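# Reading the structure
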Amino acid sequence: MGEHDTVRARLRAALRADDPWSALYALKTDRPDRLAAAVEELYRSDTDRAASGAHLTWLLGTLGEPGDAVLLRLLAEPALSADDRRDLLRTTVTRGLRLPAELLRTYADDTPAPDGKDARPDGSPAPELVDAMGLSGDPSFAPRLGALLSDPAAPRGRAALALGRLGAREWTVPIAGRLSEVTGLDRTAFAVALELMSDPAAVPHLLRWLAESGEERVYDVHHALVRLTGRDPLLPESASGAAYAAAVRAVWADGRTERAPAVVRELVVESGARARFSVDGGAGRVRIAFDPPSPGASWPRWDRSLTFDRKPLYRVGSSCGTCELGLTLLDWPDEEATRIAARMRGRLADLDRLDAELFLEWGPVLGELETGHYRALLLDLPLERVTDPARSWWYRRVTTRAEEDDSEYGDDRPEEHWPGVAHFQLTTPVPGARVPSAYGALLPSQPPEALDPTTVARHAAAVAAGERPAAVVLGWLDDRYVEARHEERWLVGAVLDGHHRLTAYAAAGVPARVLFLARAGEGGGTDGGLEEVAAAYGCRD
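Residues numbered from 1 in each chain as written. Predicted model: local features only at pLDDT ≥ 70, side-chain atom pairs only at ≥ 80, totals over all residues. Heavy atoms only, no water.

Turning our attention to the packing of helix α2 (residues 20–27) against helix α4 (residues 46–60). For any two helices packed against each other, one specifies the crossing angle of their axes together with the interaxial distance. Remark: α2 packs on α4, axes separated minimally by 11 Å, with the N-to-C direction vectors making an angle of 30 degrees. Judged by the inter-axis angle, α2 sits roughly parallel to α4. α2 and α4 meet at a crossing whose hand is right-handed. Here P20, W21, L24 and Y25 of α2 come into contact with α4, specifically with A54, H55, W58 and L59. By residue class, the composition of the contact of α2 with α4 is seven nonpolar, one polar and no charged. (Axes fitted to C-alpha atoms, helices over the stretch in contact; angles between N-to-C directions. Helix = DSSP H or I, 4+ residues; strand = E, 2+ residues; numbered from the N terminus. Parallel < 35°, antiparallel > 145°, perpendicular 65-115°, else oblique. Left-handed = near helix turned anticlockwise from the far one by under 90°. Contact = heavy atoms within 4.5 Å. Nonpolar A, V, L, I, M, F, W, Y, C, P; charged D, E, K, R; others polar.)

A contiguous nonpolar surface patch, about 310 Å² in accessible area, is contributed by W21, Y25 and W58. Tracing the backbone through its elements, the reader meets W58 in helix α4. Under the relative-accessibility criterion, W58 is labelled partly exposed at 30%. (Patch = residues over 30% accessible without salt bridge, like charges linked within 9 Å, V, L, I, M, F, W, Y side chains within 5 Å. Areas by Shrake-Rupley, 256 points an atom, 1.4 Å probe, with all protein chains shown as cover. Salt bridge = Lys/Arg side-chain N within 4 Å of Asp/Glu carboxyl O. Buried < 20%, exposed > 50% of the residue type's maximum accessible area, 1.4 Å probe, protein only.)

Counting buried residues in strand β11 (residues 471–482) gives 11 out of 12 residues, a clear majority hidden from the surface. As paired elements, β11 and strand β13 (residues 512–519) share five bridges and run parallel to each other. Across the sheet, the residue bridging to V473 is F516, located in β13. Relative to strand β12 (residues 486–497), β11 runs antiparallel, the two sharing 11 bridges. Directly across from G475, in β12, lies its bridge partner G493. Linking β11 back to β12 in an antiparallel pair, the connection comprises three residues, with E483 at a positive phi of about 55 degrees. (Pairing = 2+ DSSP bridges.)

A word on the side chain of D68. Mapped onto the fold, D68 is located in helix α5 (residues 64–75). With a relative accessible area of 10%, D68 lands in the buried category. Those residues in contact with D68, other than ones at most four positions away along the chain, are R95 and L97.

Should the charged atoms of two oppositely charged side chains come close, the side chains can pair. Scanning the entire structure with this criterion turns up 46 salt bridges. The partner of E181 in a salt bridge is R156, with the nearest N and O atoms 3.9 Å apart. Here E181 is found in the loop between α11 (172–177) and α12 (184–197), whereas its partner R156 is found in helix α10 (residues 156–166), with 25 residues between them in sequence. For E181, a relative accessible area of 43% corresponds to the partly exposed category.

Our focus in this paragraph is the packing of aromatic side chains. If you walk through the whole model with that rule in mind, you get eight aromatic pairs. Residues W394 and W490 carry aromatic rings whose centres are separated by 3.9 Å and whose planes lie at 10 degrees to one another, so their mutual orientation is stacked. Of this pair, W394 sits in helix α19 (residues 393–405) while W490 sits in strand β12; the two residues are 96 residues apart in sequence, bridging distant segments of the chain. Here W394 and W490 have matching classes, each one buried. Taken together, the ring pairs in this structure connect F277, F359, W362 and Y374 into an aromatic cluster. The ring of W393 is capped by R396, whose NZ or CZ atom sits 3.8 Å from the centre of that ring. (Phe/Tyr/Trp six-rings, centres within 6.5 Å; stacked < 30°, edge-to-face > 60°. Lys NZ or Arg CZ within 6 Å of the ring centre and 35° of its normal.)

Bringing the sheet that holds strand β3 (residues 286–290) into the picture now. With antiparallel pairing, the four strands of this open sheet are ordered in space as β3-β4-β5-β6. For this open sheet the edge positions go to β3 and β6 (328–329), each flanked by a neighbour on one side alone. Sheet topology note: the β3/strand β4 (residues 304–308) ladder contains five bridges and is antiparallel. Each bridged residue has a counterpart across the sheet, and for F290 the counterpart in β4 is R304.

See below:
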C-alpha cells in the first residue's frame, strides 16, 4: 500500500470512529499536504461527501495552505449543491481567504435555490456570502452591500463589517446615520465597521447619537469615538448602567474631539508598597485592545490583544468568564517601546518603597498608558524562568482539571497551551487566595535571546549584595470559571522594563522586586484579588 493509500485509509478510519471530531483532530497533525489531497479525493466522491461532508470541510480549514488550495478548487466547481457551497464558503470565510470576484458575482446572481441556501427568504445574500464579498478587496461589491443596511431582515451588521473591510468610505455616513435603527449585535457591528473605516466623517453622527438617544448601551459608540478621534477621556471608576451612560454623554457633551496632553490624577500613596492613580487622556501606546473582528464570527468584538503602538504583542483572547485564559505571542514591539520603559530606570536600581515623588517623576511615562484607574503594587515575587511547555502553569492547570473531574483535558498536549515564548512564572499558586488555582505568569516584551549576559551578571551581583533592582510590569488579575466547572485566577502581565533583572532573580532563587501596575476593571479581577496578591507578596515597609 502506497503512502497516499495509507493516508486515505487512516482518514476513512477517523471518519468512522465513535468520536470522528477527536479522531480527525489527532489525524491533522500528520503531513497536511498528503492529508489535504486525501480529503479532496473523498470530498469529490458523492458517497463520502454525503456521509461526511461537514467533517471533511472542517478538516480542510485546519490544514493551512494545502487545505486552502483545496477549498478554492472545490468552490470553483460549477455543480456544487447549495448545501456544499454554504459549507465550503463558511470555512473559506473563517480562513480569511479571498475568492475571485467573478465567482462571488456568480454566486450572488444565481437564482436562489428552493431550500434558500444561497439566499435568505427575503432574497438577500446569505451571511457567508456577504462576508466573502467584504474579504474580496473588490469595491464593486459596495453598492450591493450598502443596499442591505436599510433592510431589517438582511444580515446588515455583516454588511456593515464587509463595507468596513473594503474601506468603502462612501458608506461611512450611511452606516453612522443608521445607528438609531439598529440594536444589539448589529449596533456593535455598525460601530466596529466605522472603526475599520477609520473615517472622521463618522464623528459628528456618533456625537449626535449620544446627544439624542436615551439608551444606556453607549459603550460601542464611546469606543468608536475614542478610536476615531484619539481622545480618551477618563470615566468614573465604578460606573455602570445608567451612571456609565450619563458619564459617557457628559465627557462628549461639549463636542471636543481633539486629544489633550495626558494627565496623571488622583494619586494616593497608601503605603510604601501600595498606591493608586488615574491616567486621563492616556496615549494608549500600551494597552489591551480589541482585535479586528474575525470574518464569519458572530461577535463583532471578541478577541483582544496586548498592543504596543497598536502593534499586537500577545493575543489575550476574549473576556468571556467561562472561557479559558491563554496568551499567545504574536510579534515583538518596535524598539520605541523599550525606550519608553527605560525612562523609568533611574529609581528602579534599588527600589524599596513607593512615594509621591516617584509617580510625579514618572508622569510622562505613565501618560503613555491607556486612560483608566490604576493600582500600583510593589511586590517580591518568587519567580522561575520556564522554557519547557510541560513545566508551565499554562499546561499544569490542565492536568489539575483532569485530576479534578477525569475530563478530556488529560488528552491535551503541553504545546497546545504554551504562549510561544520562555517566560517567568510564580513557583507556586498564590498562597491564601480565595481560588486555589491562582497562578501567575509574566511574559517578555522583547526576545529572550536578545538578553545581554553581562547585564544579567551585573544585576545578579547587585542582588547578591542585598540590593533590590525592580522590574516594571503592566498586568491585571483575571478571574474565570472555565466551562462553569473550574474556578481559576491569573496574575498575569507583560514586562515593560527589567528583563535582565528578572532573569538574575530567577537564577539566584531570590524573590524578584516588581512594580506591578494594574488597570482597574481589566479581565475579571477585583480589588479583593489584588488585596490577596498584596498580602502574599507585598514588599514590607
